[in-house]
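Summary of structural features
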Amino acid sequence: MDFSDFIAVVHKQFGLNLGAYKEKQLKRRIDNLRCSVGVDNYKEYFALLCTDPVQRAKFFDKITINVSEFFRNSDIFQALEKIILPELCSSRRKLKIWSAACSNGAEPYSIAIILNDGFPGISYKIDATDIDSNILAAARVGVYDEKAVKGVSKARLQKYFVRDNKGFYRVTPEVKRHVVFSRHDLLGDKFKKGYDLIVCRNVMIYFTRQTQEILYRKMYDSLVNGGVLFIGATENIIQYKDYGFEKVSHWFYRKSCPQQEVRHLEVR
Ligand SMILES: C[S@@+](CC[C@H](N)C(=O)[O-])C[C@H]1O[C@@H](n2cnc3c(N)ncnc32)[C@H](O)[C@@H]1O
């Protein structure tokens, strides 16, 4: 069994479409993990994944990479707060938001905090999704260590978190009630429509160029006219025009809206 056979059997057995991930980095991560358990071929490693739930969990963990934190890349969140959201809210009282590949919930909760703080007349709901059910369970609990909340201002820490006696921070119900978590595989599940804002950060980097193209087009279809796609700090949508987007800045792309003049923002 070679690596491509391994990918095919994993897809068939576990429904995880690894063929859509960038092969070189994926192979390196899987090989590291396989070697760390002393297995020197893919056939044996696949058999191990089928029979050993602990190794299977480790494998899924390695693929999903759940790193996240509140207000990740704070300057870009500033642009969201000061420019993108005011503009979106100038023409609507209700916002429908999707945080795709939301990991431990720090991302959707950050957006809820911003909206709660600065946009009192706006009602909003955030669909927060990820492929990894374990991380979603943690996200629903909403308890974070010091490192995850290092980007949260002192005032917001006091207002939106309760610190327990072990030094962990629990998100308040006021923030939680706006966020609904559910499992969603970007590579296999249907995309809902009608979003004013889609936040999809730090997951596309793992996918092949071809898969990225398909997903950006699907995200375009999921946005309302004038809706915005918010991407990760190290990401860039080069062919945004082909998908129908206008570039608002490096990290924000708007679904073309004929009635609205495009504002090009200087956020960095
Ligand atoms: C590095 S985290 C990004 C978290 C957050 N968006 C951020 O930028 O802080 C990547 C997340 O993508 C999720 N993921 C990986 N493949 C996915 C897929 N096919 N569908 C949905 N989520 C996926 C992982 O489970 C992980 O939680």
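Bear in mind that the values here come from a model prediction, so they are computed numbers and not experimental data. (Residues numbered from 1 in each chain as written. Predicted model: local features only at pLDDT ≥ 70, side-chain atom pairs only at ≥ 80, totals over all residues. Heavy atoms only, no water.)

1. Brief notes about the sheet that holds strand S6 (residues 179–183)
Ordered in space as S6-S2-S1-S7-S8-S10-S9, the 7 strands form an open sheet in which the pairing is mixed. Two strands in the sheet have a free side with no partner beyond their single neighbour: S6 and strand S9 (245–249). Strand after strand, the sheet turns through a mean of 20° between neighbouring axes, direction not considered. When strand S2 (residues 123–130) meets S6, the two strands line up parallel, connected through 5 bridges. Bridging from a neighbouring strand, aspartate 130 pairs with arginine 183 of S6. Contacts from helix H5 (residues 74–89) reach strand S1 (94–100), strand S7 (195–200), strand S8 (223–231), S9 and strand S10 (252–255) within the one sheet, and its direction differs from that of S8 by about 175°. Contacting S1, S2, S6 and S7, helix H6 (residues 106–118) runs over the sheet at an angle of about 170° to S2. (Pairing = 2+ DSSP bridges. Helix = DSSP H or I, 4+ residues; strand = E, 2+ residues; numbered from the N terminus. Axes fitted to C-alpha atoms, helices over the stretch in contact; angles between N-to-C directions. Contact = heavy atoms within 4.5 Å.)

2. Looking at the confidence of the model for the protein chain
For the protein chain, per-residue confidence averages 93 on the pLDDT scale, and residues scoring 70 or more make up 96% of the total. Taken together, the stretch residues 259–268 has pLDDT below 50 and engages in 21 contacts with residues farther than four places along the chain or on a different chain. (pLDDT = per-residue confidence, 0-100.)

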